[in-house]
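# Observations on the model geometry
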Amino acid sequence: MGKVVKFGGSSLATSKQFEKVLAIIREDADRRYVVPSAPGKRYAGDTKVTDLLYSCFRQANKGQDFSETLLFIRERYEEIVQGLGLSLNLDDEFETIRMNLAAGSGEDYAASRGEYLNGIVMAACLDIPFVDAADVILFNEDGELDARKTDVRIAARLEDLPRAVIPGFYGAKPDGTIKTFSRGGSDITGSLVAKAVHADLYENWTDVSGFLMADPRIVKDPVPISTITYREMRELSYMGASVLHEDSVFPLIKEGIPINVRNTNHPEDPGTMVVENTCNKPRYTITGIGGKKGFVSVTIEKAMMNTEVGFGRRVLQVFEEQGMTFEHTPSGIDTFSILVNQRDFEPHEQKIIAGLHRSVQPDMIELEPDMSLIAVVGRGMRRNRGTAGRIFSALSHAHVNVKMIDQGSSELNVIIGVENRDFEAAIRAIYAVFVSSEQ
């Protein structure tokens, strides 16, 4: 069924960027369904159209004059339309937006208009049908995506349309009220369309040439990842390597549809293929390294705690009562540690400490703040002996003290806890031993 192609905001920020996108689409006849985002930043310090629309909403909501902001948005689109030589007039669309904002249309409606307008422009460029996402992306009354109805609706709407433009980021509730996904949600729209039409491939075009093995702000010129599995991508995305919206993967997993992350500014680059599984052996032992700063380790020490039925549940319930999630729970025979986000923990720390004393009567509670978590991810680790040993050796040579280590039973990832001050040095050391030394 061809390809679904989604383009991010930076790919559609100006008429020149639009021209690159149009060339990419026209180059391959299999690129049949196009999902555009709203225009992004044109340069450092610029403002995304979506943020300008949020500003319009806030001004309208306070009874303030938002005409100047709306005019600025209109000028952005006029630059694109005129730069592309289109005979497209958006006057009626902007008047409708102005009237709806003045009448109190919601924040989601305002935010969605960037994608809506870009969809109209894209359809005019390609001379193919425009399908309003509000007609095919369906949310229930509680604002949750109705995946089953959406799948049926998209499939039915596109059945007789061999090509179409469907704007990303938004849909509608049963009463027609516009509802958006979280920021970056155009990825989700693209994956829903790909699933519904049983696409052969979902191409996600952005301003990077796929996933890199490490953060380029930490490691100089990191190696690109040619192929990565869904599970590996999820692990790295959770640890900060966010190229795709996390929720966009699930509809594609169900269909086994591969994702190709490509760079609009360098279309010759093959990018990264994201697949369910593959016989393709990775070039390196690891696939990638991700990490986050800003955690605190809460360690409960109590003699013979391993004999107390329900001890772990009672500990975690204390955190649950404060509305907190946890990252990892390494434990020993007399110790139980919970790693949580430090910024979320600090406002509740004394309530949690008191709650732990009441709940499990510990011998001691120790807090270790300013920790970082680093994930070393790779399907190749299970076939190579001594991976953990190489990690520890590399960190030892870099004079990095390891505070925690946790390896899942799947042997897909190893999580290491270090002090925040050692975060960058640790990532560089691990990259050097697994990538630089294997090149």
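Heads up: the structure comes first, above all this text.
Residues numbered from 1 in each chain as written. Predicted model: local features only at pLDDT ≥ 70, side-chain atom pairs only at ≥ 80, totals over all residues. Heavy atoms only, no water.

## Points about helix H1 (residues 15-27)
Note the cut-off: By the criteria applied, helices consist of DSSP H or I runs no shorter than four residues and strands consist of E runs no shorter than two, each listed in order from the N terminus. The length a helix should cover is 1.5 Å for every residue beyond the first. Should any heavy atoms of two residues lie within 4.5 Å, those residues are considered in contact.
In this model H1 runs 18 Å from its N-terminal to its C-terminal C-alpha over 13 residues, within 8% of the 18 Å that 1.5 Å per residue would give. Contacts from the buried residues of H1 go to strand E1 (3-7), strand E2 (31-36), helix H3 (67-83), helix H5 (107-126) and strand E6 (201-206).

## A look at the pattern of salt bridges
Note the following rule: By definition, a salt bridge exists where a carboxyl oxygen of Asp or Glu is found within 4 Å of a side-chain nitrogen of Lys or Arg. Each residue is assigned to one of three classes by its accessible area relative to the maximum for its type, calculated with a 1.4 Å probe on protein chains only: buried under 20%, partly exposed between the two thresholds, exposed over 50%.
Going through the model one piece at a time under the given rule, you end up with 21 salt bridges. Between Lys6 and Asp187 there is a salt bridge, and its shortest N-O distance comes to 2.9 Å. Here the residue Lys6 occupies a position in strand E1, and Asp187 occupies one in helix H7 (residues 186-196), the gap between them amounting to 181 residues. The two residues Lys6 and Asp187 agree in class, both being buried. Across the salt bridge formed by Arg262 and Glu203, the nearest N and O atoms sit 3.9 Å from each other. Note that Arg262 is positioned in strand E8 (residues 259-263) and Glu203 in strand E6, a separation of 59 residues in sequence. For the pair shown, Arg262 and Glu203 are each scored as buried.

## A short note on the sheet that holds strand E7 (residues 227-229)
The following threshold applies: Here, strands pair whenever DSSP counts at least two bridges between them. Orientation is described by lines fitted to C-alpha atoms, with helices fitted over the stretch in contact, and by angles between N-to-C directions that extend from 0 to 180 degrees.
Read from one edge to the other, the open sheet built from 7 strands follows the order E3-E2-E1-E6-E8-E9-E7, with strand pairing classed as mixed. Each end of this open sheet is capped by a strand with a single partner; those strands are strand E3 (164-165) and E7. Where E1 lies against E6, 5 bridges are found, and the strand directions are parallel. What sits directly across from Val5, in E6, is Glu203. Packed onto the sheet, H1 meets E1, E2 and E6 and runs at close to 155 degrees relative to E2.

## Points about the sheet that holds strand E11 (residues 335-341)
Pairing in this open sheet of 5 strands is antiparallel, and the strands run E11-E10-E12-E14-E13 from one edge to the other. Only two strands of the sheet have a single partner each, and these edge strands are E11 and strand E13 (404-407). Across the sheet, the axes of successive neighbouring strands diverge by a mean angle of 30 degrees, strand direction being ignored. As paired elements, E13 and strand E14 (residues 413-419) share 4 bridges and run antiparallel to each other.

## Looking at a positive patch on the surface
Basically, it comes down to this: In this scheme, patches are assembled from residues that exceed 30% relative accessible area and form no salt bridge. Like charges are connected within 9 Å, while nonpolar side chains (Val, Leu, Ile, Met, Phe, Trp, Tyr) are connected within 5 Å. For the area figures, the Shrake-Rupley method with a 1.4 Å probe applies, and any residue is considered shielded solely by the protein chains shown. When charges are counted, Lys and Arg contribute as positive and Asp and Glu as negative, whereas His and the chain ends are disregarded. Working definition for charges: the position is that of NZ of Lys, CZ of Arg, CG of Asp or CD of Glu.
On the surface, a cluster of positive charge is contributed by Arg231, Lys281, Arg382 and Arg383. By the element assignment, Arg231 lies in helix H8 (residues 230-238). Exposure remark for Arg231: the relative accessible area of 49% places this residue in the partly exposed category.

## Section: the nonpolar core
Note the threshold: Only buried residues count toward a nonpolar core. Its members are Ala, Val, Leu, Ile, Met, Phe, Trp, Tyr and Cys residues joined through side-chain atoms within 4.5 Å.
Membership of the largest hydrophobic core comes to 113 residues, with the highest contact counts inside it found for Met122 and Leu158. At 10 residues, the largest contribution of residues to this core is made by H5. Excluding residues within four positions of it along the chain, Leu158 makes contact with Tyr33, Val131, Ala164, Ile166, Val193 and Val197.

## Quick notes on the environment of Ile24
Inspection of the secondary structure assignment puts Ile24 in helix H1. The class for Ile24 is buried, based on a relative accessible area of 4%. For the pair Ile24 and Val5, spaced 19 residues apart in the sequence, the C-alpha separation amounts to 9.8 Å. Look past the residues within four positions of Ile24 in its chain and what remains in contact with it is Phe7, Arg31, Trp205, Thr264 and Pro267.

That is the geometry; function is a separate question.
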